[in-house]
Amino acid sequence: MARRSKTTPRRAPSAPAAADSPCPCGRDGSRYRDCCGVFHAGTAAAPTAELLMRSRYSAFAVGDTGYLLRSWHSRTRPAELELDPAQRWVRLEVLGATEGGPFHVGGTVAFRAHWSEPGRSGVLEENSRFVREGGAWTYLEALPDTPGA
Ligand SMILES: [Zn+2]
């Protein structure tokens with residue numbers, strides 16, 4: 001392959017996460033650009049509720065508020081969204097999912113999202129409901145605690 005270092009334009013990464021870094025969502029050691037980065041860039045739409053959930057977690061991790069708003073159901077989407085720059089999302093655990101597949105119109109995904117900020121850390125645990133809107137998966141709402149949990 002010919003070297004084109006003089007003519008290749010320098011391109012800024014589209015997101016703060018380096019494209020070759022492991023994806024924040026932690027899926028199978030995927031690189032960000034092959035995993036949630038594809039959805040953030042709009043190249044493809046998340047085919048399942050779980051992948052949408054993972055991509056939303058990653059959007060929190062890389063600070064992509066535009067993607068978070070785009071993937072939020074219009075009924076529950078906030079008018080604007082401001083992320084706390086001191087808060088780092090360090091790890092995601094997907095605990096389970098119901099429906100949410102390519103042929104479903106709704107589904108739920110339960111997860112734990114670990115965060116840290118200077119001086120403290122914590123875990124957000126949520127069972128989220130996702131529904132399709134205009135064919136694409138969107139985040140609808142957090143469900144109340146599962147009975148028996
Ligand atoms: Zn990912």
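Structure first, text after, so check above.
Rules behind the numbers
Positions within a chain are numbered from 1, following the residues in the order the chain's sequence is written. Confidence filtering applies because this is a predicted model: local features only for residues at pLDDT of at least 70, side-chain atom pairs given and counted only at 80 or more, and all residues used for totals across whole chains, interfaces and linings. In these notes, a nonpolar core means any group of buried Ala, Val, Leu, Ile, Met, Phe, Trp, Tyr and Cys residues linked to one another through C-beta atoms within 7 Å. Buried means a residue has 20 or more other C-beta atoms within 10 Å of its own C-beta, exposed means 12 or fewer, and partly exposed covers the counts in between; C-beta atoms are placed from the backbone. By the criteria applied, helices consist of DSSP H or I runs no shorter than four residues and strands consist of E runs no shorter than two, each listed in order from the N terminus. Residues are scored as being in contact if the C-beta atoms we place from backbone atoms lie within 7 Å.

*Asks:* Is there a simple way to think about the nonpolar core in this case?
*Replies:* In a soluble, globular protein the nonpolar side chains are often hidden away together inside. Ranked by internal contacts, the top residues of the largest apolar core, which has 27 residues, are L52, M53, Y57 and F130. Broken down by element, the residue count for this core peaks at nine residues, all from helix α2 (residues 49-62). With residues up to four places along the chain from it excluded, the contact list for Y57 reads P24, C25, W89, L92 and A113.

*Asks:* For this particular structure, what's the right way to read the environment of A97?
*Replies:* Of note, A97 is situated in strand β1 (residues 88-99). Taking the number of C-beta atoms within 10 Å as the measure of exposure, A97 has 19 and is therefore partly exposed. Taking the C-alpha atoms as reference, A97 lies 7.3 Å from G107; in sequence the two are 10 residues apart. Not counting the four nearest positions on each side in its chain, A97 is found in contact with A49, E50, G107, T108 and V109.

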